[in-house]
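Residue-level structure breakdown
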Amino acid sequence: MKRPKLRKGSKRLTCHKRYKIQRKVREHKRKLRKEAKKRGNKKPRKDPGVPSAAPFKEEVLREAEQRKQRLEELKQKQKLARQKEFEKKRKLEAKKDATKPKKDPEGKESTVKLKTKSNKQLDKNSAKSFCRELKKVIEASDIVLEVLDARDPLGCRCPQIEQIITKSGEKKKLVLVLNKIDLVPRENLEQWLCYLKNELPAVAFKSSMQLKDRSTEKLTKKRGHKDVSVSNMCFGKECLLKLLRKHCKTQEKAVKVGVIGFPNVGKSSIINSLKEVRVCNVGPLRGVTKCMQTVHIDKEIIILDSPSIVVSPSNSTLALALRSLTAVEESRNLLDAVNAVLKHCSKQHVMLCYNIPDFRNSLEFLTLLAQKRGMLKKGGVPDTESAAKLLLYDLTGAKISYHSRPPMSQNLSSHLTKEMVAEMQKGFSSEELEKDNMSTINAVKHPNLASSLLFQFSGMTNGATEETALEEEMSEQDDLETSEKENDVANDQESAEEEAAVEEENNIQVDNKTSHQKPKVKDATLKRQLAGGEPNILSYNLDKTADEDDAYDFNIDYA
């Protein structure tokens, strides 16, 4: 028998009951107020702030905000220094524990097999495991596709990896894939293709963004829905597959194609576009792919997805900001990264891009950006850290359109020779490749040259290929960072002490002046008013120095 549906009880109240509750609440609040009055707990007075009649109000407020930010930064640096010391102590203790031989309850010494196993099983997010997986992909593949961001193709090239591929005696082929061509002006893209084809075969590509996984694809097929949006369309797919199939005919076997590149250049997006299904995980965060992954495009082509190339710490600040895996996570280097980015591009273009007013330095830019985007901490303080992360995500992602100019000279790179270039271009028809690239360029909608940001990049980015070299570089960088931090903390403490001492002296001087001396009055009318017994008006002292004039003193009441 079917159960009858039970109706929920109504939440309505009678007016008598509702008014009674309201009266009781009022009485309770009155009682609490009376008790508080007896105890004498008064509310803390609100900060009146800077009066509107005060001179240089904007400068005073800006100085107060900068002082607050400086103190916050000092606290954060001290906290990081403490954390680093604590981590060092922990590591030393762990090493001591590892060296001590452990004994079983029976009395026999236990072997250190478990520890050796745990050491072998590296953390998937570590740089060592990334290097190891990348080596696996290069060794297993017949053709290596080096994916470059079309906005900075030269900065996305790694000479160390290219050297390993070209010098391997297994006749591996290296092909450059220019991804994100829809974010670059057409003239600039054509110049880059012309420059790159002299060294290695280059393919223009635009990967699709909104691909779904297999489960959602089945549902859409049943309903007959088809997404034909611009972001879902892929360009350059036929050209790349044609290139790979031609090489496959010469080999007479299934070709393994390795896809390598720096973080956020679109390696996994290219694989998804070729397969037309979301097979690999994609995201705006750096280092989403952590290990080698095989994807079968068809019977002839097998693609190997790889983790990103690990950037060498010896690179410039700009290269580390845009290509490093940990640039966004490390909060201490965010301001330096933003400073490097702003130095290498036009200020006017940045102001137009983010719709913000003029700024003097990177910190002011971040405060303006945080206020514009509503990134505020407790008390309305702008969250500069989040604003810096937003800028870096926009630059590496597909939001901002910017471009870089190719070098004027057409000389070969130092790690390549004419014989290597001839070997790499053998089996590929350059004329056909050029025609296919032109057809993809014509199909894609490009941004205007005037609206695109112009960046000045230095050159190729060095990558860490060997684990030992990476360890040495990282240890050197850590030593440098620790020494720099110690110096910074000491300097900041000294400056904070000096500022506190100066502020105390100023306060004492102001108190003495207001109690013993009459205010200096230059205007004749004000002198007459004071002499004639008219109400006293406190005048602003215009003979003060610039430092005293800019600082706002809360002990003086401005009239």
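A brief look at the structure comes next. (Residues numbered from 1 in each chain as written. Predicted model: local features only at pLDDT ≥ 70, side-chain atom pairs only at ≥ 80, totals over all residues. Heavy atoms only, no water.)

Moving on to the overall build of the protein. Along its length, the protein carries 19 helices and eight strands. Counting all 559 residues of the protein, 35% fall into the buried class. A fraction of 74% describes how many contacts in the protein between residues 6 or more apart in sequence connect residues 24 or more apart. With an accessible surface of roughly 36,600 Å², the protein has 52% of that area assigned to carbon and sulfur atoms. (Helix = DSSP H or I, 4+ residues; strand = E, 2+ residues; numbered from the N terminus. Buried < 20%, exposed > 50% of the residue type's maximum accessible area, 1.4 Å probe, protein only. Contact = heavy atoms within 4.5 Å. Areas by Shrake-Rupley, 256 points an atom, 1.4 Å probe, with all protein chains shown as cover.)

Across the sheet, six strands lie side by side as 3-2-1-4-6-5; this open sheet has mixed pairing. Every interior strand has two partners, whereas the edge strands, strand 3 (202-204) and strand 5 (293-296), have only one. Put simply, the sheet's adjacent strands are angled 25° from each other on average, direction ignored. Bridge count for strand 4 (residues 255-260) against strand 6 (residues 301-305) is five bridges, and the pairing is parallel. The partner of Val257 across the bridge, within strand 6, is Ile303. Relative to the sheet, helix 6 (residues 186-196) contacts strand 1 (143-149), strand 2 (173-179) and strand 3, its axis offset from that of strand 2 by approximately 175°. Docked against the sheet, helix 9 (residues 267-275) engages strand 1, strand 2, strand 4, strand 5 and strand 6, running at close to 155° with respect to strand 6. (Pairing = 2+ DSSP bridges. Axes fitted to C-alpha atoms, helices over the stretch in contact; angles between N-to-C directions.)

Right, let's talk about the packing of helix 8 (residues 237-251) against helix 9 for a bit. It is at 10 Å that the axes of helix 8 and helix 9 come closest, and there the two elements cross at 85°. Here helix 8 is positioned roughly perpendicular relative to helix 9, judged by the angle of their axes. Contacts from Lys237, Leu240 and Leu241 in helix 8 reach Ile270, Ser273 and Leu274 in helix 9. (Parallel < 35°, antiparallel > 145°, perpendicular 65-115°, else oblique.)

Once that is clear, we can look at the pairing of strand 6. Counted residue by residue, strand 6 has five buried out of five residues, so it is predominantly covered. Judged by which residues are buried, strand 6 turns out to be covered on both faces: Ile301, Ile303 and Asp305 on one side and Ile302 and Leu304 on the other are all buried. Alignment of strand 5 against strand 6, held across four bridges, turns out to be antiparallel. Among the inter-strand pairings, Val295 is bridged to a residue of strand 6, identified as Ile303. From the end of strand 5 to the start of strand 6, which pair antiparallel, there are four residues.

Now for helix 15 (residues 418-425). Along helix 15, the residues that are buried comprise Met420, Val421 and Met424. What you see down the axis of helix 15 is that its buried residues fit within an arc of 100°, all on one side. Exposed side of helix 15, more than 90 degrees from the buried face: Lys418 and Glu419 are the residues found there. Buried residues along helix 15 sit against helix 5 (159-167) and strand 2. (Arc of directions from axis to C-beta.)

So, on to empty space enclosed by the protein. Throughout the structure, instances matching the rule amount to three cavities of 30 Å³ or more. Empty space within the largest cavity amounts to approximately 80 Å³. Lining the largest cavity we find Cys239, Lys242, Leu243, Lys246, Gly427, Phe428, Ser429, Glu432, Leu433 and Asp436. Secondary structure elements with two or more residues in the lining of the largest cavity: helix 8 and helix 16 (430-443). With four residues, helix 8 is the single largest residue contributor to the lining of the largest cavity. Residue composition of the lining of the largest cavity, grouped by class: four nonpolar, two polar and four charged. (1 Å grid on protein atoms, 1.4 Å probe; cavity = no way out; pocket = protein on both sides within 12 Å on 5 of 7 lines; lining within 4 Å. Points joined across faces, edges and corners; volume = space filled by probe spheres on them. Nonpolar A, V, L, I, M, F, W, Y, C, P; charged D, E, K, R; others polar.)

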